[in-house]
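Working through the structure, step by step
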Number of protein chains: 2
Amino acid sequence: MTEIAIHRRGLMLVLSSPSGAGKTTLSRRLLDSDPEIEMSVSATTRKPRPGEVEGKDYFFLDTEDFGIMRNRGEFLESAKVFGNYYGTPKKPVEDALARGRDVLFDIDWQGTQQLDESAPEDLVKVFILPPSAQELEKRLERRAQDPADIVAARMAKASDEISHYQEYEYIIINDDVDRAFAELQAILRAERLRRRRLTGLSNFVKQLREAL
Amino acid sequence: MTEIAIHRRGLMLVLSSPSGAGKTTLSRRLLDSDPEIEMSVSATTRKPRPGEVEGKDYFFLDTEDFGIMRNRGEFLESAKVFGNYYGTPKKPVEDALARGRDVLFDIDWQGTQQLDESAPEDLVKVFILPPSAQELEKRLERRAQDPADIVAARMAKASDEISHYQEYEYIIINDDVDRAFAELQAILRAERLRRRRLTGLSNFVKQLREAL
């Protein structure tokens, strides 16, 4: 009897949170420790900064090419931020998912909504919250060496982001980074076991039933 | 500022599998290691066997009382098996969920379908498969000291059960019991983090936003 292989389709993991909830730390730990997940690479029309690598940090495009791709529907999501365009090209993500690799996204609620329209079945949406208002204030103040208007804008953005927590499936309250990370790993491990991501199952089950 | 407590509503975990896939072992390990989950106790009209304890192994009812409860809609699911009635009383399960405790069910696909009609939001459905047809045959043969007709009935039941794998959300292939158990734990941990099971979140988030 031949062995029937079961493969899984990759998933798209969105981590969203207000600034100061620990998202960057959790993302980095996940990417460092889990060989099956990779960071999504965005396209942008902004100029490369020193040290940024094409295809690793961003795909750098001019505004015309970005527009052409957008008109062709070649982005999973896109947005204009401070006069520059940003977007997630569909093709590399689709290729990764088809190979059974997961893709991690660092996008806000607006990008998440667009992903949800493009590929709801592949999407796993996790929202990270700080453990308390005091702790959130403390963490945001620590970064407040910036001018007052920048700090105010960041606070407003954080408040806006938090207001969309209901659009996410999972909530992690980050009061202990090790526990929060273990929770994130559990979500990923569980979501990889979802029946709808598995291919080859129906043949495998057919073979099991024939043996009975 | 007062701390706002977030509570979670418990969940109903259904483990289903054909005989010989390792469900009993996994259930026992889960109950032994996780203080937040308890086994559902069924009601039955069959006579107690020696050593069986009322309210722990079963709630023992006569046929009349069982019928009254069923007519009142007091079972989450019920079935007649070999002339006896079995059912899951709603009240103890609902009490456990409200207290944030999870309930484990050992029921077949028909019971699972009834639970899914009663309480789809609370339900987490996991199907356990053996790693191969050879392995399944081996495990079923090991139990085959029984008369041939009993063995045949068990095989037919296993085949029937497997044919419903598509009604389950998660699939665990039990080729290594430690790995399968870790997967089951991950599913449970992840499902406990689902936003829809959390209460107190909206007030918590309101407090966070007021701090910004």
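To be clear, the structure that these remarks concern was listed above.
So, here's what we can say about the structure. (Residues numbered from 1 in each chain as written. Chains lettered and ligands numbered in written order. Predicted model: local features only at pLDDT ≥ 70, side-chain atom pairs only at ≥ 80, totals over all residues. Heavy atoms only, no water.)

On to the overall build of chain A. Assigned secondary structure in chain A consists of 8 helices and 11 strands. The principal-axis extents of the C-alpha atoms in chain A amount to approximately 70 × 45 × 30 Å. The proportion of buried residues among the 212 residues of chain A is 49%. Of the roughly 10600 Å² of accessible surface on chain A, a fraction of 49% belongs to carbon and sulfur atoms. When the 32 basic and 37 acidic side-chain charges of chain A are each reduced to a single mean position, those positions are 2 Å apart. (Helix = DSSP H or I, 4+ residues; strand = E, 2+ residues; numbered from the N terminus. Buried < 20%, exposed > 50% of the residue type's maximum accessible area, 1.4 Å probe, protein only. Areas by Shrake-Rupley, 256 points an atom, 1.4 Å probe, with all protein chains shown as cover. Lys, Arg positive; Asp, Glu negative; His and termini not counted. Charge placed at Lys NZ, Arg CZ, Asp CG, Glu CD.)

Moving on to the pattern of salt bridges. Between side chains of opposite charge, a pair can form when the charged atoms approach closely. Applying the stated rule across the entire model yields 42 salt bridges over all chains. In this structure, A:Asp122 engages A:Arg9 in a salt bridge whose closest nitrogen and oxygen atoms are separated by 2.8 Å. Pair noted here: A:Asp122 is in the loop between helix H4 (109–118) and strand S9 (123–129) and A:Arg9 is in the loop between strand S1 (7–8) and strand S2 (12–16), with a separation of 113 residues, a long-range link. The class of A:Arg9 is partly exposed, set by a relative accessible area of 26%. The partner of B:Arg8 in a salt bridge is B:Glu36, with the nearest N and O atoms 2.9 Å apart. Placement of the pair is B:Arg8 in strand S1 (residues 7–8) and B:Glu36 in the loop between helix H1 (23–33) and strand S3 (37–39), with a sequence separation of 28 residues. One salt-bridge network, in which partners are shared between bridges, spans A:Glu191, A:Arg194, A:Arg197, B:Glu191, B:Arg194 and B:Arg197. (Salt bridge = Lys/Arg side-chain N within 4 Å of Asp/Glu carboxyl O.)

Residue and element names in this part refer to chain A. One open sheet accounts for 4 strands, arranged S5-S4-S7-S6; its pairing is mixed. Looking along the sheet, the strands with just one partner apiece sit at the ends: strand S5 (58–60) and strand S6 (75–81). On average, each strand axis in the sheet is inclined to that of its neighbour by 25 degrees, with strand direction left out of account. In this sheet, strand S7 (residues 84–89) lies alongside strand S4 (residues 42–44) in antiparallel orientation, the contact comprising 2 bridges. Note on S7: the bridge partner recorded for Ala43 is Gly87. Most of the contacts of helix H3 (residues 90–98) go to S7, to which it runs at about 25 degrees, and overall it touches S5, S6 and S7. (Pairing = 2+ DSSP bridges. Axes fitted to C-alpha atoms, helices over the stretch in contact; angles between N-to-C directions. Contact = heavy atoms within 4.5 Å.)

In the superposition of chain B on chain A (RMSD 0.0 Å, axial shift 0.0 Å), the rotation amounts to 180 degrees. Those values place the two copies in the arrangement expected of a two-fold rotation axis. If distances are taken from each C-alpha of chain B to the rotation axis, the shortest is found for B:Ala186, at 2.3 Å. A share of 100% of interface residues in chain B that are also interface residues in chain A marks the association as one of identical surfaces. (Least-squares fit on C-alpha atoms with pLDDT ≥ 70 in both.)

Our next topic: the sheet that holds strand S3 (residues 37–39) of chain A. If you trace the 5 strands from one edge of the open sheet to the other, you get S3-S8-S2-S9-S10 (chain A), paired in parallel fashion. Pairing within the sheet leaves two strands with one partner each, and these edge strands are S3 and strand S10 (170–173) of chain A. Each strand axis lies, on average, 25 degrees off the axis of its neighbour in the sheet, ignoring direction. Its contacts with the sheet put helix H8 (residues 201–210) of chain B on S9 and S10 of chain A, and the angle it makes with S9(A) is roughly 55 degrees.

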